[in-house]
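What follows is the residue order along each chain.
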Amino acid sequence: MAAMMLCTCSGDQSKFEEMPQSPESLATRDFSASASCSRTGNRETTPDDSQVNEVESDLRETLSLNYEEARALLGRLEYQRGNFDAALQVLQGIDIRSLKPRMTTAITESAKPRVSPRSSRRKTSQVNGMLVHMSMHSVSLLLEAILLKAKSLESLGRVTDAAEECRTIIDIVESAWPSGVPEAKKEVWKSTPYDKVKSLHKLEMEAWLDLASIYTKLESWHDSNICLYKAESINSFNSKCWHVKGLILEAQSLHQEALSAFSFSLSINPDYAPSMVCMAGILRNLGGKSLPIARTFLRNAIRLEPTNHKAWLGLGLVSKSEGLPLEAADCFKAAYELRELSPIQDFSEQLPILLH
C-alpha cells in the first residue's frame, strides 16, 4: 500500500515522515495535513470548516467521476472489439441515475455566459447538498457510454432494454434544453470555424439517427419519428436522414413511400450505398422486371463499398430469384465472410449533443 506523507511543523522548520495509509481518501488527508501546518505555523488565514468540507466534497466527487469515466472508456474499447457482453458488463457499472442531475445541469450551464470561477463556484457548486459541477468532456463520455450500452443490448437481441437506454439520453438532453438549442449556444456556434460546426452537427445528427434505428427495430414508430425529427432539425438535406426515414417506412410495410425516401437520399448523394442496398431489397421483393434494376443497384453499391456484406447478401438473393444458384452461393459466401470481418462502429466522434 502506498505510503502517505504527513507534514509536521515546528517553528520555522518542517519535515516529512512516512505514515501508513488509512481508509480515508489520500486527497482529503493531504488537505487536512496542509490545514494543520497552516494552523501550527500561525499563518494569518486558515480555512474554516465549510471550506474544508467543500474541498473534500470536490475531491471525492472527482475521484468518483474518474471511476465512471474509466468505465466509459473501457466499455468503448470492449464494444469496438465486438465484445458486447463484456462492454455491457462494464457499462452497467456506471450509475447514470445518480449522475443524471449533474449531467443535465452541466448541459444547461454550458449555454450560459461565463462568470468568474470564484462566483461560479459559490453559486453552482452545491444543490441540495450534492455537487453538481461536471465538465462537458465528462458529460460527453457518459452520454456515449449510454449509447454504447444501448447498441450492445441491441446487438445481444435485447431491443426493449436498448430502447430504455435511448430514452435516458433523450430525457437528459430534453431536460437540459426543453425548448430546443438555446440562442446563447447558437451564438457561440456562429463564431466557431465552419468545419468545427459541421463536425459537431454530424456528431449530434448521427446519434439521433442511431436512436431512431433502434426504436424502428422495436416497432416504436412514435419514438423513432421523434428521433428522426431531431436529426432533421439539424440538417434535413442529408442522405442518411432520408435513408433512416426510408427504413422507418419500410418497417411499416409502406414500400412505395420507402422507395421514395431512398430515392431522395440518392438524389442528395448518388453514391450513398446503404440506400442502394435498401432500394434493391424492395425491388427484389417486387420481382419480375424489377430484378435487373435491383441487380444494378447492388453492383453499384459493391463497386463503391466492396466490403459491404449487406450488398453481397442482396446480390445473392437476387441471383437466387433469377435462377442462378452458383452465383448466389458465391455471393452468400462473400457476405458471410465479410460479415465476420465487419468493423464495429466507432462512436468516439458521435455524441448526441452539441456541447463544445
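As the structure is a computational prediction, the values presented were derived from the model and not from experiment.

Conventions adopted
- Residues numbered from 1 in each chain as written.
- Predicted model: local features only at pLDDT ≥ 70, side-chain atom pairs only at ≥ 80, totals over all residues.
- Heavy atoms only, no water.
- Helix = DSSP H or I, 4+ residues; strand = E, 2+ residues; numbered from the N terminus.
- Buried < 20%, exposed > 50% of the residue type's maximum accessible area, 1.4 Å probe, protein only.
- Contact = heavy atoms within 4.5 Å.
- Areas by Shrake-Rupley, 256 points an atom, 1.4 Å probe, with all protein chains shown as cover.
- pLDDT = per-residue confidence, 0-100.
- Phe/Tyr/Trp six-rings, centres within 6.5 Å; stacked < 30°, edge-to-face > 60°.
- Expected span 1.5 Å × (residues − 1).
- Core = buried A, V, L, I, M, F, W, Y, C linked by side-chain atoms within 4.5 Å.

1. Some remarks on the overall build of the protein
When its secondary structure is counted, the protein shows 16 helices and four strands. Expressed as a percentage of the 356 residues in the protein, the buried residues total 41%. Across the protein, the fraction of contacts at a sequence separation of at least 24, relative to all contacts at a separation of at least 6, is 62%. If you sum the accessible surface of the protein, you get close to 20,000 Å²; carbon and sulfur atoms cover 53% of it.

2. With respect to the confidence of the model for the protein
Considering every residue of the protein, the mean pLDDT works out to 75; 65% of them sit at 70 or more. Low pLDDT (under 50) marks residues 119-132, which in the prediction has 22 contacts with non-local residues, meaning those over four places away or in another chain. Counting contacts from residues 345-356, a segment whose pLDDT is below 50, to residues more than four positions away or on other chains yields 49 contacts.

3. Section: the packing of aromatic side chains
One pair of aromatic rings is described through two measures. These are the centre distance and the angle between the planes. All chains considered together, the criterion is met by three aromatic pairs. When the centroid spacing of 6.5 Å and the interplanar angle of 90° are considered together, the rings of Phe237 and Phe264 count as edge-to-face. With Phe237 in the loop between α10 (221-234) and α11 (239-251) and Phe264 in helix α12 (residues 255-268), this residue pair connects regions lying 27 residues apart in the sequence. Relative to Phe264, the ring of Trp242 has its centre 4.4 Å away and its plane inclined at 45°; by these criteria the two rings are tilted. Residue Trp242 is found in helix α11, and its partner Phe264 is found in helix α12; the two are separated by 22 residues along the sequence. Trp242 gets classed as partly exposed once you look at its relative accessible area, which sits at 21%. The partly exposed category is assigned to Phe264, whose relative accessible area is 35%. Here the aromatic cluster, defined as three or more aromatic residues joined through ring pairs, consists of Phe237, Trp242 and Phe264.

4. Observations concerning helix α6 (residues 136-155)
Over its 20 residues, α6 runs 28 Å from end to end, which matches the ideal 28 Å to within 8%, given 1.5 Å per residue. In terms of burial, α6 is largely enclosed, as 18 of its 20 residues are buried. Phi turns positive, to about 85°, at Gly157, one or two residues after α6.

5. Structural notes on the nonpolar core
The biggest cluster of nonpolar side chains holds 47 residues, and the ones touching the most others in it are Ile94, Trp208 and Leu211. Broken down by secondary-structure element, the contributors of at least two residues to this core are α2 (49-80), α3 (84-91), α4 (96-109), α6, α7 (159-176), α9 (194-217), α10 and α11. The element best represented in this core is α6, accounting for ten residues. When neighbours within four sequence positions are excluded, Ile94 is seen to be in contact with Glu68, Arg71, Ala72, Leu99, Leu142 and Ala145. Membership of the second largest hydrophobic core comes to 23 residues, among which are Cys278, Ala280, Leu315 and Val318.

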